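A closer look at the structure
Given next are the chains, with one letter for each unit.
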Amino acid sequence: MNFILALDQGTTSSRALVFDHDGNIRGVAQKEFRQIFPQPGLVEHDAEEIWASQLGVAVEAIARAGVTAADIAAIGITNQRETTIVWDRATGKPIHNAIVWQDRRTAGECDRLKAEGLEPLFRARTGLVLDAYFSGTKLAWLLDHVPGARKRAQAGELAFGTVDSWLVWNLTHGERHLTDASNASRTLLFNIHDGKWDPELLELLRIPPEVLPEVVPSSAVYGKTAARLLAARVPIAGIAGDQQAALFGQLCDRPGMVKNTYGTGCFMLMHTGDRPVASAQNLIGTVASQINGHTEYALEGSVFVAGAAVQWLRDGLGIIRTSAEVEALAATVPDNGGVYLVPAFTGLGAPHWDPYARGAMLGLTRGSTAGHIARATLESIAFQTADLLQAMEQDSGTPLAELRVDGGATANAMLMQFQADLLGCAVVRPMVRETTALGVAYLAGLATGYWVDRAEIGRLWQAERTFIPAMERARVDELRGRWNRALERAKGWEQP
């Protein structure tokens, strides 16, 4: 009996999961790694620590499943997107820490490009807004600030990649330098209409094409793991950015279907079929997947801080010992007591796109408790999601019937019920909540014949619980009105 190994490289941890043919998890391992904050607004990772942790959990997950590497039919890779790594092709050593998607160091450069009137061009070609969130300006920053990097890149000595590229490079011992179309579409360098790196955008950001990876489909056999790495040479056969992988894992494969993933950030994607949708609400168009020569697209809204706000309660304030304790603490109070947290620790994402916003807590009184703060933190996740859905409904012109949800925070029933109340639609939690890893496992399995087609995997999805709206709309309007007031006070806090 063969299995699929999914490598799920996230923002705060590396995970690996072994799936069987029915989509059940047979083994899982996870390891957190360091978050590096050189200055306020700057976020970095040690790329070598990412690789070491990911390889370690892969070996551990296989062992926990009670199988060997020879039993793994294929490997799928899903990853934190936009995080930018540049390394030496000869040595495989990074030239600098990875610059994480949350990092805001290039906000000023994005302002400059906007001032030159270039945002419509970038938006038309890439589907993205000009924001420091995306990889292109991070790559330009590395080439400008690491001594000799630009010259070495032009000479073909350096390689750029998002985390998927970095993992494939290391898994194949440098044989393959590639990225899939979903990850390429997050760089500000990729034309999502013709599926190629865009020469004009490369020139505007001063990116030498020699540094770029080959763009490949999301489901295909790219090569095999290097000898002695896993005690067997296993095909690498699926790649997708984490949110696109979750869309695939949730079986949102028809236009209008929507999923939201609750992780470090919150990411809502609506399937838009075989064409990108130009958003009028500051959402972004992105490649959902590319399979058998066919490209599917999605409309996306990104919240930068969701689960990371709960980590802040744990690590920054120390009012909980583990993230799982937040629901019980929030349940000690009947409501938020008028307290609102805007977790704009690294600016605001969609639909606001304010890199100069900062976190704010409002409505505090002498009667405010740790319970109110915990509840406000959970509610901030739901409020931000509601803002995204409202923008998405305005773009599509269609009210949503249901939202499929996944990610760690979906285990929190209080949060999911509050989310349904705010949205006014059903919130559906699947039986297997690890849909990011499951999605890329599906992609790898389709490429190797482990699953025959999408109809077969479509039969595997099951709902575990559906949350139905119960709050009166007048109360919802009151809460959202106060949230909007809090948002306005957090915006533009830092100066450009």
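What comes next concerns the included structure. (Residues numbered from 1 in each chain as written. Predicted model: local features only at pLDDT ≥ 70, side-chain atom pairs only at ≥ 80, totals over all residues. Heavy atoms only, no water.)

Observations concerning the overall build of the protein
In terms of helices and strands, the protein carries 16 helices and 23 strands. Computed over its C-alpha atoms, the radius of gyration of the protein comes to 21 Å, within 12% of the 23 Å expected for a compact globule of 496 residues. Its C-alpha atoms give the protein principal-axis dimensions of about 60 × 55 × 45 Å. Counting all 496 residues of the protein, 61% fall into the buried class. A separation of at least 24 residues holds for 73% of the contacts in the protein among residues at least 6 apart in sequence. The positive charge centre, built from 46 side chains, and the negative charge centre, built from 55, are 2 Å apart in the protein. (Helix = DSSP H or I, 4+ residues; strand = E, 2+ residues; numbered from the N terminus. Rg over C-alpha atoms; globule rule 2.2 N^0.38 Å. Buried < 20%, exposed > 50% of the residue type's maximum accessible area, 1.4 Å probe, protein only. Contact = heavy atoms within 4.5 Å. Lys, Arg positive; Asp, Glu negative; His and termini not counted. Charge placed at Lys NZ, Arg CZ, Asp CG, Glu CD.)

As for the packing of helix α1 (residues 47-64) against helix α6 (residues 163-171)
Two numbers describe how α1 lies on α6: the axes approach to 11 Å, and their chain directions differ by 65°. Between α1 and α6 lies a crossing whose hand is right-handed. In contact with A47, E48, I50, W51 and Q54 of α1, α6 contributes V163, W166, L167, N170 and L171. Here the residues of the contact of α1 with α6 sort into seven nonpolar, two polar and one charged. (Axes fitted to C-alpha atoms, helices over the stretch in contact; angles between N-to-C directions. Left-handed = near helix turned anticlockwise from the far one by under 90°. Nonpolar A, V, L, I, M, F, W, Y, C, P; charged D, E, K, R; others polar.)

A few points about the state of the cysteines
Covalent bonding between the sulfur atoms of two cysteines is what defines a disulfide. In total, this model carries zero disulfides according to the counting rule given. With no disulfide of its own, C425 lies closest to C252 among cysteine sulfurs, the gap being 12 Å. Take C425: its relative accessible area is 4%, and that puts it in the buried class. (Disulfide = S-S within 2.5 Å.)

Overview of the pattern of salt bridges
Here the structure, examined in full by the defined rule, presents 35 salt bridges. As a salt-bridge pair, E296 and R454 come within 2.8 Å of each other at their nearest N and O atoms. With E296 in strand β18 (residues 294-303) and R454 in helix α15 (residues 454-458), this pair connects stretches of sequence that are 158 residues apart. The exposure class assigned to E296 is buried, which follows from its relative accessible area of 10%. Under the relative-accessibility criterion, R454 is labelled partly exposed at 26%. Among the salt bridges present, the one from E402 reaches R404, with a minimum N-O distance of 3.2 Å. It is possible to trace a salt-bridge network through shared partners that takes in R81, E82, R186, D242 and E300. (Salt bridge = Lys/Arg side-chain N within 4 Å of Asp/Glu carboxyl O.)

Digging into the packing of helix α10 (residues 307-317) against helix α12 (residues 370-396)
Axis separation between α10 and α12 bottoms out at 9 Å; the angle between their running directions is 160°. In this view, α10 runs roughly antiparallel relative to α12, as classed from their interaxial angle. Crossing hand, α10 versus α12: right-handed. Residues G307, A309, V310 and L313 of α10 form the contact with α12, whose own contacting residues are I373, A374, T377, L378 and I381. (Parallel < 35°, antiparallel > 145°, perpendicular 65-115°, else oblique.)

Side note on α1
For α1, with 18 residues, the first-to-last C-alpha span of 26 Å sits near the 26 Å given by 1.5 Å per residue. Along α1, the positions that sit buried rather than exposed are A47, I50, W51, S53, Q54, V57, A58, A61 and I62. At the exit of α1 stands G66, carrying a positive phi of roughly 75°. (Expected span 1.5 Å × (residues − 1).)

Overview of the pairing of strand β1 (residues 3-9)
For β1, the tally of buried residues reaches seven of seven residues, placing the bulk of the element in the interior. The pairing of β1 with strand β2 (residues 13-19) spans six bridges and is classified as antiparallel. Residue pairing in the sheet places L5 in a bridge with V18 of β2. Taking the residues that link successive antiparallel strands as the turn, the β1-β2 hairpin has three residues. (Pairing = 2+ DSSP bridges.)

Description of the side chain of D198
In this fold, D198 is placed in the loop between β11 (196-197) and α8 (199-204). A distance of 3.0 Å separates the side chain of D198 from the side chain of R125, its partner in a polar contact. Reaching out from D198, the side chain makes a polar contact with the side chain of N191 at a distance of 3.3 Å. Setting aside anything within four residues of it in sequence, one finds D198 in contact with R125, L189 and N191. (Polar contact = N/O pair within 3.5 Å; in protein donor to acceptor, adjacent residues only side chain to side chain.)

A closer look at the environment of G195
Position of G195 among the secondary structure elements: in the loop between β10 (190-191) and β11. For the pair formed by G195 and V287, sequence separation is 92 residues and the distance between their alpha carbons is 9.3 Å.

As for the side chain of T225
Within the element layout of this structure, T225 appears in the loop between β13 (219-224) and β14 (235-241). A polar contact is formed between the side chain of T225 and the backbone oxygen of A232, at a distance of 3.3 Å. Ignoring any residue separated from it by four or fewer positions in sequence, one finds T225 in contact with I75, L171, L230, A232, R233, V234 and I236.

Notes on helix α16 (residues 473-490)
Think of an α-helix as 3.6 residues a turn; residues three or four steps apart then line up on the same face. Here α16 is 18 residues long and its end C-alpha atoms lie 26 Å apart, about the 26 Å a rise of 1.5 Å per residue gives. Of the residues making up α16, those classed as buried are V476, L479, R480, W483, A486, L487 and A490. Looking straight down α16, one finds that the buried residues subtend no more than 115° of arc, so they occupy a single side. For α16, exposure combined with an orientation more than 90 degrees from the buried face picks out A474 and D477. For α16, the elements touching its buried residues are β19 (340-342), β20 (360-362), α12 and α13 (413-423). In the stretch just after α16, G492 is the one whose phi turns positive, near 65°. (Arc of directions from axis to C-beta.)

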